[in-house]
Amino acid sequence: MDVPLLDLQAQFAGVRQEVLDAVSEVLDSQVCIGGPKVAELEEKIAAISDCKYAVGVSSGTDALLCSLMALEVGPGDEVITTPFTFFATAGSVARLGAKPVFVDIDAGTFNLDPEQIEAKITARTKAIIPVHLFGQMCDLDPIMEIARRYDLAVIEDAAQSITATYKGRKAGSIGTCGCFSFFPSKNLGGAGDGGMIVTNDEKLYEKMLLLRNHGSNPKYYYRLIGGNFRLDPIQAAILLVKLPHLEEWSEGRRRNAAQYDRLFAGSSVRTPYIRPECVSIFNQYAILVEDRAALIEGLKEAGIGTEIYYPVPLHLQECFTAMVPPGLSLPVSERVSRHILALPIYPELTPAMIECVADSVLRVASRRDDTFGTV
Ligand SMILES: *Cc1c(COP(=O)(O)O)cnc(C)c1O
């Protein structure tokens, strides 16, 4: 049975007519920038995130960039973050002339290890960007405590974790601000690029509104140097159609994760660890295996799609060489990046498909006998 890593056609089939109608409505109105669809989406995303304010932007990357600009992060500043994330987390820091300072991850959750943050704080540290990886929020209490003590901003990179919770609190609502992505593969994905920033800080909110539109207010008078970070109303209209399904889709992903967990129980496959105080939205279901190359090959032969998130931690990426202390070793990130593999987890998977994936994983495991150790 062929099982792709992600099947966006399957999701689209369920909302097709509504999406086409919503897009037609925007086109008929010819409100092609801003307008009521963007405002409505901002209101609804703020509400489901337990935040007062939301600013629709052009992507998750621009959400991070615009947040950092609003917090006046620039040359000479340092921002503490994880090396085990998508490039944009650290890329947006470096684009502003600031330096990403990488702190290793927790081996259980793959999220920033709060215990290692304080040692990396200097007089230049301006902010921390915890990334809520694969749908699970970071252990934010200790991170917020450190941030308060050193007067640092906290930008939650919640690109993969919209509506996830930590101790009952929503992703994006705990830090200074939170960033979401509507990239098609995220739990709430548009038909192209899009993103949003949420915050409870009114001043920051107003600054972000200016920054996403070149810093202009009134028109053609520039109070700040911003950019074009606007969210398209066509994307907003599509996201408004999908938003009512988000909870059921995330529930479907959790159900699939639970089935995998059961099927892998007692095997040497290391399944995702979700902390008891967290509810994950499982943007990814990533396992650790000893011989990953053999597993990828075996699954490919069986018609099953997989992906490596992420093969090279950011502190080892060529583009950051000049910003990273020579010889910096972050052993957990490095080990995890060698052994991690994401399996299909999208909500439209059937129990039979999950069983087929798990059987194939376990078949390769038993064929290779003791190659799947504990990682
Ligand atoms: C997807 C993602 C981003 C960037 O979002 P885009 O919308 O693709 O620009 C940033 N950080 C993380 C952790 C992501 O997964």
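These numbers were taken from a predicted model, which means no experiment stands behind them. (Residues numbered from 1 in each chain as written. Predicted model: local features only at pLDDT ≥ 70, side-chain atom pairs only at ≥ 80, totals over all residues. Heavy atoms only, no water.)

### As for the domain arrangement of the protein
The accessible area lost on association of the parts is a frequent measure of interface size.
Alright, step 1. For the protein, the assigned domains read domain 1 (8-244) and domain 2 (246-368).
Alright, step 2. Centre-to-centre, using C-alpha coordinates, domain 1 lies 24 Å away from domain 2.
Alright, step 3. On the domain 2 side, the residues contacting the 47 residues of domain 1 number 38 residues.
Alright, step 4. Interface area, domain 1 with domain 2, both sides summed: about 3,600 Å², of which 63% is carbon and sulfur.
Alright, step 5. Of all residues in domain 1, the largest losses of buried area upon contact with domain 2 belong to F84, F134 and N187, amounting jointly to 20% of the total for that side.
Alright, step 6. R275 is the salt-bridge partner of D139, the closest N and O atoms lying 3.5 Å from each other.
Alright, step 7. Of the residues contributing to the side of domain 1 that touches domain 2, the split by class is 25 nonpolar, 14 polar and eight charged. (Domains from an automatic or database assignment. Contact = heavy atoms within 4.5 Å. Buried area = accessible area lost by both parts, 1.4 Å probe. Salt bridge = Lys/Arg side-chain N within 4 Å of Asp/Glu carboxyl O. Nonpolar A, V, L, I, M, F, W, Y, C, P; charged D, E, K, R; others polar.)

### Some remarks on empty space enclosed by the protein
Leftover empty space is mapped by rolling, across the atoms, a probe with the size of a water molecule.
Alright, step 1. Scanning the entire structure with this criterion turns up two cavities of 30 Å³ or more.
Alright, step 2. As a volume, the largest cavity reaches approximately 110 Å³.
Alright, step 3. Lining the largest cavity are 15 residues, with F110, F134, Q136, P272 and I274 sitting closest to its centre.
Alright, step 4. When residues of the lining of the largest cavity are assigned to domains, at least three fall in each of domain 1 (8-244) and domain 2 (246-368).
Alright, step 5. Within this model, the second largest cavity holds a volume of roughly 70 Å³.
Alright, step 6. Taken together, 13 residues line the second largest cavity, and the ones lying closest to its centre are L6, L8, Q11, R253 and P347.
Alright, step 7. Broken down by secondary-structure element, the contributors of at least two residues to the lining of the second largest cavity are α1 (8-29) and α8 (246-264).
Alright, step 8. Looking at the lining of the second largest cavity, its residues break down into six nonpolar, three polar and four charged.
Alright, step 9. Both domain 1 (8-244) and domain 2 (246-368) contribute no fewer than three residues apiece to the lining of the second largest cavity. (1 Å grid on protein atoms, 1.4 Å probe; cavity = no way out; pocket = protein on both sides within 12 Å on 5 of 7 lines; lining within 4 Å. Points joined across faces, edges and corners; volume = space filled by probe spheres on them. Helix = DSSP H or I, 4+ residues; strand = E, 2+ residues; numbered from the N terminus.)

### Re helix α5 (residues 140-150)
Alright, step 1. Buried residues of α5: L140, I143, M144, I146 and A147, and no others. Take α5 and look down its axis: the buried residues cluster within an arc of 160 degrees, on one side only.
Alright, step 2. In this structure, the buried residues of α5 make contact with β4 (125-129), β5 (153-157) and β6 (165-166).
Alright, step 3. Residue D151 follows α5 closely and has a positive phi angle near 55 degrees. (Buried < 20%, exposed > 50% of the residue type's maximum accessible area, 1.4 Å probe, protein only. Arc of directions from axis to C-beta.)

### Considering the packing of aromatic side chains
The geometry of an aromatic ring pair comes down to the distance between the two centres and the angle between the two planes.
Alright, step 1. All chains considered together, the criterion is met by eleven aromatic pairs.
Alright, step 2. For the ring pair F84 and F110, a centre distance of 6.2 Å and an interplane angle of 65 degrees mean the geometry is edge-to-face. Taken together, the positions of F84 in the loop between β2 (78-81) and α4 (88-95) and F110 in the loop between β3 (99-102) and β4 put the pair 26 residues apart, joining distant regions of the chain. You'll find F84 and F110 in the same group, each marked buried. (Phe/Tyr/Trp six-rings, centres within 6.5 Å; stacked < 30°, edge-to-face > 60°.)

### Focus: the layout of surface pockets
Alright, step 1. Looking at the largest pocket, its volume works out to about 420 Å³.
Alright, step 2. Considering the residues around the largest pocket, the lining is formed by 24 residues, among which F86, A159, S181, F183 and K186 are closest to the centre.
Alright, step 3. Mapped onto the lining of the largest pocket, the elements with two or more residues apiece are α3 (60-70), α4 and β8 (177-181).
Alright, step 4. The dominant element in the lining of the largest pocket, judged by the number of residues it contributes, is α3, at three residues.
Alright, step 5. If you count residues domain by domain, the lining of the largest pocket takes at least three from each of domain 1 (8-244) and domain 2 (246-368).

### Points about the nonpolar core
Alright, step 1. Of all hydrophobic cores here, the largest spans 41 residues; its most connected members are L41, I45 and I117.
Alright, step 2. Counting only elements with at least two residues in this core, the list comes to α2 (36-48), α5, β9 (195-199) and α7 (233-242).
Alright, step 3. Top contributing element to this core by residue count: α5, with five residues.
Alright, step 4. Here this core gathers at least three residues from each of two domains, domain 1 (8-244) and domain 2 (246-368).
Alright, step 5. If we ignore the near neighbours within four places in the chain, the residues touching I117 are I80, V103, L112, I128, I143 and I146.
Alright, step 6. Grouped together as the second largest cluster of nonpolar side chains are 29 residues, A70, V73, A98 and L204 included. (Core = buried A, V, L, I, M, F, W, Y, C linked by side-chain atoms within 4.5 Å.)

### Considering the site of the ligand
Alright, step 1. Among the 16 residues in the neighbourhood of the ligand, the closest are listed as G60, T61, Q160, S181 and K186.
Alright, step 2. Within the backbone of G60, one N or O atom sits 2.7 Å away from an oxygen atom of the ligand.
Alright, step 3. Contact distances for the ligand include 2.7 Å between an oxygen atom and a side-chain N or O atom of Q160.
Alright, step 4. Within the complex, the protein chains bury 93% of what would otherwise be the 380 Å² of accessible surface of the ligand.
Alright, step 5. Most atoms of the ligand, that is more than half of them, are within 2 Å of grid points of the largest pocket.
Alright, step 6. Going through the elements one at a time, α3 and α4 are the ones with two or more residues in the shell around the ligand.
Alright, step 7. Ranked by residue count, the leading element in the shell around the ligand is α3, at three residues.
Alright, step 8. Its residues assigned to classes, the shell around the ligand shows six nonpolar, eight polar and two charged. (Near = heavy atom within 4 Å. Polar contact = N/O pair within 3.5 Å; in protein donor to acceptor, adjacent residues only side chain to side chain. Areas by Shrake-Rupley, 256 points an atom, 1.4 Å probe, with all protein chains shown as cover. Sits in = over half its atoms within 2 Å of the grid points.)

### Here's the deal with the side chain of D139
Alright, step 1. Mapped onto the elements of the fold, D139 is located in the loop between β4 and α5.
Alright, step 2. Side chain to side chain, D139 and Y166 meet in a polar contact 2.7 Å long.
Alright, step 3. When sequence neighbours within four positions are dropped, the list of residues in contact with D139 reads P114, Y166, R275 and E277.

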